[in-house]
Amino acid sequence: MIGAVFKIMWLRLWRDKGALLLAFVLPGFIFAVFAAIFSNASGGNLDMRIAMAVDTDSPASSVFADNLKNSDLISVAYEENWTSADVTERVRLGQEDVGLVLIGNIMDKSAPSIRIIEDPSRTVAANVLKGQIRQNLASIRGGDTSELFETVSALGNADKTIMKDPSVTYYIGGTAILFLLFSAMQGAAISIEERRNGISDRLMVGPSGAMGMLMGKFVFLSFIGFLQAAIICGVAQIFFEVPILSHIGPVLFACIGTAMLASALSLLVASLCKTQAQMHAVSTFTVLLLSAVGGSMVPRFMMPGWLQQIGIATPNYWSIEAFYGILARGQSVIDLLIVWCVLFGCAAILLALAAFISHKMRRV
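Rules used in this analysis
Residues numbered from 1 in each chain as written. Predicted model: local features only at pLDDT ≥ 70, side-chain atom pairs only at ≥ 80, totals over all residues. Heavy atoms only, no water. Helix = DSSP H or I, 4+ residues; strand = E, 2+ residues; numbered from the N terminus. Buried < 20%, exposed > 50% of the residue type's maximum accessible area, 1.4 Å probe, protein only. Contact = heavy atoms within 4.5 Å. Areas by Shrake-Rupley, 256 points an atom, 1.4 Å probe, with all protein chains shown as cover. Pairing = 2+ DSSP bridges. Right-handed = clockwise from strand over helix to strand, strands pointing away. Axes fitted to C-alpha atoms, helices over the stretch in contact; angles between N-to-C directions. Parallel < 35°, antiparallel > 145°, perpendicular 65-115°, else oblique. Nonpolar A, V, L, I, M, F, W, Y, C, P; charged D, E, K, R; others polar. Core = buried A, V, L, I, M, F, W, Y, C linked by side-chain atoms within 4.5 Å. Polar contact = N/O pair within 3.5 Å; in protein donor to acceptor, adjacent residues only side chain to side chain. Phe/Tyr/Trp six-rings, centres within 6.5 Å; stacked < 30°, edge-to-face > 60°.

> Tell me what's going on with the overall build of the protein, and back it up with residues and numbers.
The helix and strand tally for the protein stands at 15 helices and five strands. For the protein, the residues scored as buried account for 49% of the 364 residues in total. For the protein, restricting intrachain contacts to residue pairs at least 6 apart in sequence, the fraction spanning at least 24 positions comes to 75%. For the protein, the accessible surface area stands at approximately 17,600 Å², while carbon and sulfur atoms represent 65% of it.

As structure tokens, this is what we get:
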């Protein structure tokens, strides 16, 4: 009996080539992604982007700045006319991970000579940079680097007075898109069951046909996703004092865009799958991969540079940019115009693609 049940289940899996492939490709692929991320981070080789300005006439500090610019260990963005305000703005907008401003003589042990400008969501980057600088200057300053740094936030003092932990704002977008993708994938999977039971065939006889069914599902999944994202924002307001109500309009706009993109992607995946097993494997693979690379599971600055570039193509990246831009960086709806174009534009493109596939293959 045991052998017969095993044989039946194996043949069922073997005949579903899509589910078979993804069942055995998924574990190794996800492992490779996380191995690349954590081997890069644990080895201390973070591909950090550093903005630097020199606001001192000290010869020793100027030589040190030249050494940093020519270093192979870190990537430094530098312009001669940059000031501390310029560096702060670049870090605030996420153009660089951490800022460094030379404000005095690095040989002077009586006062801080290096200002570190950090983003609260990337405190690790600031700590790693401090460690590298301490290591480089330990021999020059006789091992005493206790008074070397002055650390300030790129978001100003508001982030410390309004919120308990400013880094929480990063995880609003990361968690929202992760949860919405899983939820929308599960909701879209109902389409496969409807096809198997013949429900779709009967509904497509109606006046709107396949497109009407698809739009109905899209509106429902987007509405549920919007409510789920709003609940996450409500928890952030109540328990972590994130100023959601102060930015209620843009935040709700971000919730809608994130929900629409997650729903459209889920319907596209459902239109490509033939069976429930295939849908389960593909959706799990898709959500885990996008979340890992896009920054929902691990902050992107901890990833290798090539993986950071790939992450820009994920919905997770743009969801994080939307919520973090509004709540932490203080950007307006106009400032985030590119983000809205990606969220809503990609949702429209993916939905149109899902409609085309559904119409051609009669998969709704």
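> Residues and numbers for the pairing of strand β1 (residues 49–54), please.
Note that β1 and strand β2 (residues 75–78) share four bridges and pair parallel. The residue bridging Arg49 from the neighbouring strand is Ser75, located in β2. Once the chain exits β1 it traverses helix α3 (residues 59–69) before rejoining the sheet at β2, and the crossover so formed is right-handed. With five bridges joining them, β1 and strand β3 (residues 98–102) adopt parallel strand pairing. Each residue of the ladder has a partner; that of Ala53, found in β3, is Val101.

> Quick rundown of the packing of helix α11 (residues 248–272) against helix α14 (residues 315–327)? Include the residues and the values.
Each pair of packed helices can be described by the angle between their axes along with the distance between the axes. The interhelical angle for the contact between α11 and α14, taken along N-to-C directions, is 175°, at an axis separation of 10 Å. Here α14 runs roughly antiparallel to α11, going by the angle between their axes. Two secondary-structure elements touch here, α11 through Pro250, Val251, Ala254, Cys255, Thr258, Leu261 and Leu265 and α14 through Pro315, Ser319, Ala322, Phe323, Ile326 and Leu327. A breakdown of the residues in the contact of α11 with α14 according to their chemical character gives eleven nonpolar, two polar and no charged.

> Break down the nonpolar core for me, with residues and values.
Counting residues in each nonpolar core, the largest one holds 50 residues, and the members touching the most others are Ile172, Val251, Leu267, Met279 and Trp340. Here the element with the most residues in this core is α11; it accounts for twelve residues. Among the nonpolar cores identified, the runner-up in size contains 23 residues, and Met52, Leu102, Leu129 and Ile133 belong to it.

> Tell me what's going on with the side chain of Ser121, and back it up with residues and numbers.
With respect to the element layout, Ser121 can be found in the loop between β4 (114–118) and α5 (123–137). Under the relative-accessibility criterion, Ser121 is labelled buried at 12%. Within polar-contact distance, the side chain of Ser121 engages the side chain of Tyr324 at 3.3 Å.

> Provide a residue-level description of the packing of aromatic side chains, including the pertinent values.
Under the defined criterion, the tally for this structure stands at five aromatic pairs. With a centroid separation of 5.0 Å and an interplanar angle of 35°, the aromatic rings of Phe253 and Phe344 are classed as tilted. Separated by 91 residues along the polypeptide, Phe253 in helix α11 and Phe344 in helix α15 (residues 337–361) bring together distant segments of the chain. Given the relative accessible area of 33%, Phe253 is considered partly exposed. Look at Phe344 and you get partly exposed, because its relative accessible area is 21%. With 4.9 Å between their ring centres and 90° between their planes, Tyr317 and Trp318 make a pair best called edge-to-face. By relative accessible area, Tyr317 is classed as buried at 15%. With a relative accessible area of 16%, Trp318 lands in the buried category. Each member of the aromatic cluster is reached from another via a ring pair, and the members are Tyr170, Tyr171 and Tyr324.

> Mind laying out unusual backbone geometry, listing which residues take part and the relevant values?
Positive phi, normally seen in glycine, also occurs at Glu241, with a value near 55°. Mapped onto the secondary structure, Glu241 falls in the loop between α10 (209–240) and α11. Using a relative accessible area of 38% as the deciding quantity, one classes Glu241 as partly exposed.

Treat this as a map of the structure, not an account of what it does.
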